[in-house]
Each structure stands twice: as C-alpha cells, then as structure tokens.
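Here is how the chains run, residue by residue.
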Amino acid sequence: MTNVSLPTLSRRAFLAGSAATATGALLAPIWPNAADAAPLRDFKLRCSPGSAQLSPGPSVATKVWSYNGTVPGSEIRVKQGERLRVVVENELEQNTTVHWHGIRLPNAMDGVPNVTQEPIAPGGNFVYEFDAVDAGTFWYHPHERSSEQVGRGLYGPLIVEEREPIRVDRDVTWVLDDWRLGPSGEIAAGFGDLRDAVHGGRIGNRITINGRPPEDFKVRTGERIRLRLLNTANARIFGLDFAEHRPSIIALDGQPVTPHQPDGLLVLGPGMRIDLVLDMTEAPGSRVTIRDRFFEDYAYDLIDLAYADTPLRDKIPDWPIALPANPLSEPDLTKAERHELIFNGGMMGGAVMQEMGASMIAAPTMRRMMQSGSIWFINGVAASGLAMKPFLTLERDKSHVLAMTNATGWEHPMHLHGYSFRVISRNGKPTQHQEWQDTVLMMPRERVEIALVADNPGDWMFHCHILEHQASGMVGVIRVA
Ligand code: C2O
Ligand code: CU
C-alpha cells in the first residue's frame, strides 16, 4: 500500500479551471507566508460507493464507501514544507466533508461541517488547501456522520515525509481497522445503536490491515523497517505484542518522541498513530506472530512476520533513528492557564462519578440517557446537533493546561483538532517522554493533563474518537481567540 501514486492534476489545469478555492486568510504566523509559494501538490479524492475484499477466501466482496475506489483511500504522500491542494468530490447520496486528522492547518480547512465549512452536498465538491508544516503519519476521514462514513470505509493515510528521512530498508504503513460484518460479509446495519454508544462503541468482528485480511508479512533477517501504524477503527483499541521483537517508538500521532521501547503493549486507541523502527532480529526461516492483547480475554493473532531463508545482513544496522523535531510552540507551564474538564456518562457512569467525587454534575439515569440518546458528557453537557457553541475559550497565543478527568468506566481516546499537545501527566505523575499527541487515550478513572500554546485561532473540535461516543454527546468546540 506504500508508494501508491494518486491521480494528480496539474497546477495549470487548476488555474485554468473553475474549481473554487477556499484559501482563507492565512494570517497566523505558524503558516508560511503566502508569498513564499511552497511547491504545490495536487490530489483528488472521490467519495463513492465501491467494494472491497475484506474477508478471506474467494470473492466475498463487501460493499463499502471509499475514496478513489479503494479501502483505505489512496495514500497521500508529500514532503514537509509542500502545500497540498485536494479536490474532494462527493458521489455519495449524503453530505460529507474531509478532516485531516492531526494536521495543523488553518481552521477553514479543517473539514468540520457547519463549524468550519458547509457540508459537501451529493454531487458537490470542495477544495482543501494547506501547508504540510509538520512531518509525520497522519490520516484523513469524513467528519459528517463519522460513525457510519468511517465505519463504511472512508479513510486514508496522509504521510508527510521529513526533509531528510531516517535511513531504513523499507517504509511501511499498516492501516488497522475492524469491521462489523453480517453473515454474508456485508457491513452490518445498526450505525447509531445506543447499546454500542453506552458501552465501548461499535466493535467489529473482522480485522483488516490496509483493507485486507492480514496475510503473512515477508521480512528478512537484519532488515530495518519503519512501520507506521494507524488505527482507523470506529471503536477498537489495539494493544500489539511484537513477541521477541523490540520495536522502538520514534513518533506518536506523527510527532517525534525520544526513541524508546514500549513498556508492555503498543497501545493505539482509535485515531492514534505510532511510528516504529522495527529491526528483524530473528533467524532466517522463522515465523513470529504479532498478537493484539489489549483485551486479554479476547486476544487474537493479528499477523505473522515470515522470515525469508536468506538474511539481508548479519548485523542490526547502527543508523540513527531519532527524528528531527517539528516546529511546535513550547507551552510555558509556569504561566499556563488551567482548565478542568470532566467526562462522565455511559454504562455504570453514575457509580464511577460518585466514587470519584464528581458531585458537581448530576448523573443522568441510564433510562434518560437511552431515551434522549445523550449518553456522554463533557463538563455536564452532551453536545448534539449542528453548529455547536464553544464550551471553552482559550486566550490566543497563551499557554494552557487542560486537566482532564475520565469519571467513567470506559476508555476514551480524546482528540483535539488543529493542535498537537504535550501529555504532561497521568494520574498526577509526570509522563516520562512528555509526548506530543493529538489523541490521548484515557483509561477508566484516569486523570490526564495536556498542555499547548493556543497559537492556531479558530473553533476546534474536541471529542472522543470512539465515533459512537462522539455521536452520543462526547464532543464539543474549543475556541481559540
Ligand atoms: Cu479524526 Cu474529529 O477526528
Ligand atoms: Cu469515548
């Protein structure tokens, strides 16, 4: 799936054509000056019904929705500093938009219907244009009826290469997804099911890597692979066990981190990415199974690394693996303004809230939640409907700490648009790597503090990336002004 090239359109065709561009005023200093004219890269994404081979065995094709006819959608790959222009055409029978998950860009390009743009109507199109200021592993997906649209296959990787990438033998992307399929391999109905919403979301029964049932992944002894992992599932959290291998984590959510080995599983909540350097340290001819053990009772074999009989080299390469930092503003914790965010709701939510002393918010009864469809709450509000009002305003260009409490019995991968933030503490303890993320997985009852400089103005979505939680209230707008 790497190195798939996209149908690109020439710049001249664009200038000559009538496609309306939507270049907002790029005033924020974090974006390159328009006069600096970064090299422009043109792409096209067509959203349409299609089919995919999600199940093993001969010719069980599943009807999906896809970008450019494939699941995942075409890989968009550019170099840091380049400018992307992506024409999105909507051939679905419902509205859509495209959100560039993890990319720091001007608000008008963020792809949130009724907040940053009008939705793209059936038959309509929209032109997104923005600079790739950060290198890293990102992805794109709709932000309209996300549970159904992402769940039916609308997602794709967006790779921004470093100006000088680290040396590896292969750069490989694994887009992990799970699907809920019915008996004849069709996508099961029931998007929006409230039983999914009150629990852990729409967990599937078919795992795919790059839109296919996982098959042996062929490797060679001594080989060094940069493995970009992306979790595009609606709800499933992956916890990968690489067995004898000792992968080094070099980036989280696209942002470089001090290279380190995971203590335990490699955990990816929905929306999250991890870049690994993986050295093939086993003997020629061996076979090693990578397992997903996040839910220990439901552990399963994900994929086998199948070693060729001849080694590539007999020593692990000693090439450096640290990535150059991206141009992020460093929050000043001594001056940061602090904001408390508490999440509650869901099955068993009342009990957890009581236990955590979160008495400031009345716990709604399960019955009321099921009747109203409002199941998850941020600071007591379950957002619904279009054009949301901000629940929090951050003063522009100041440092801020969001102190978040997960007063629920469930995991929540919390995602903020338009920013990467530092995860500074968990349960009161400073994190070892102070990692930059755009989606932070919070365990039940966990407290997490994140910090950022509010240098990107606009109305930004903040939500749980379990898409059924998002759809049932766990979403809001943070305004930077
Ligand atoms: Cu990946 Cu608001 O989304
Ligand atoms: Cu959630």
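Everything numeric here is computed off the predicted structure, so don't read it as measured data. Here the residue numbers are simple positions, counted from 1 along each chain's written sequence. Ligands are numbered from 1 and chains lettered from A, in the order in which they are written. For a predicted model such as this one, the threshold for reporting local features is a pLDDT of at least 70, and the threshold for listing and counting side-chain atom pairs is 80 or more; totals across whole chains, interfaces and linings nevertheless cover every residue. Side-chain measures were taken over the full set of non-hydrogen atoms in the model, leaving aside hydrogen atoms and water.

Side note on the coordination of the copper ion (ligand 2)
So, step 1. Coordinating N, O and S atoms are those within 2.8 Å of the metal (3.2 Å for Na, K and Ca), and as water is not part of the atoms, a site may appear to have fewer donors than expected. The copper ion (ligand 2) binds to the protein through H412 (ND1), C464 (SG) and H469 (ND1), with metal-donor distances spanning 2.0 to 2.1 Å.
So, step 2. Between consecutive donor residues of the copper ion (ligand 2), the sequence gaps follow H-x51-C-x4-H. Placement of H412 in strand β24 (residues 412-416) and of H469 in helix α6 (residues 467-471) is noted, with a sequence separation of 57 residues between them.
So, step 3. Judged by its relative accessible area of 0%, H412 falls in the buried class.
So, step 4. Partly exposed describes any residue whose relative accessible area lies between the buried limit of under 20% and the exposed limit of over 50%, with all areas from a 1.4 Å probe on protein chains only and scaled to the type maximum. What makes H469 buried here is its relative accessible area of 0%. Here a strand is any run of E in DSSP of at least two residues, a helix any run of H or I of at least four, and the numbering for each starts at the N terminus.

Quick notes on the sheet that holds strand β8 (residues 156-161)
So, step 1. Strand pairing requires that DSSP identify at least two bridges connecting the strands. Strand order across the open sheet formed by four strands is β3-β8-β7-β5, with mixed pairing between neighbours. Looking at the sheet topology across the chains shown, the edges are occupied by β3 (76-79) and β5 (99-101). Mean inter-strand twist for the sheet, computed between neighbouring axes without regard to direction, equals 25°.
So, step 2. Across four bridges, β3 lies against β8 in parallel orientation. Across the sheet, residue R77 finds its bridge partner in β8, namely I159. As a rule, the C-alpha atoms of each element are fitted with a line to give its axis, helices using only the stretch in contact, and angles between N-to-C directions run from 0 to 180 degrees.

Notes on the pattern of salt bridges
So, step 1. When a carboxyl oxygen of Asp or Glu lies within 4 Å of a side-chain nitrogen of Lys or Arg, that pair is called a salt bridge. Inspection of the entire model under this criterion finds 39 salt bridges.
So, step 2. Between E129 and R83 there is a salt bridge, with the nearest N and O atoms lying 2.8 Å from each other. Placement of the pair is E129 in strand β6 (residues 125-131) and R83 in strand β4 (residues 83-90), with a sequence separation of 46 residues.
So, step 3. You can call E129 buried: its relative accessible area is 9%.
So, step 4. Note that R152 and E148 form a salt bridge whose closest N and O atoms lie 2.7 Å from each other. Neither residue differs from the other here; R152 and E148 are each classed as buried.
So, step 5. Shared partners join several salt bridges into a network, and the residues in it are E75, R77, K79, E161, E162, D171, R226, R228 and D275.

Thoughts on the sheet that holds strand β17 (residues 273-279)
So, step 1. The sheet built from six strands is open, its strands ordered β10-β9-β12-β17-β14-β15 with mixed pairing. Edge positions in the open sheet fall to β10 (206-209) and β15 (255-260), since each of these has one partner strand only. Averaged over all adjacent pairs, the angle separating strand axes in this sheet is 20°, with direction ignored.
So, step 2. Summarising the sheet, strand β14 (residues 248-252) and β17 pair through four bridges and their orientation is antiparallel.

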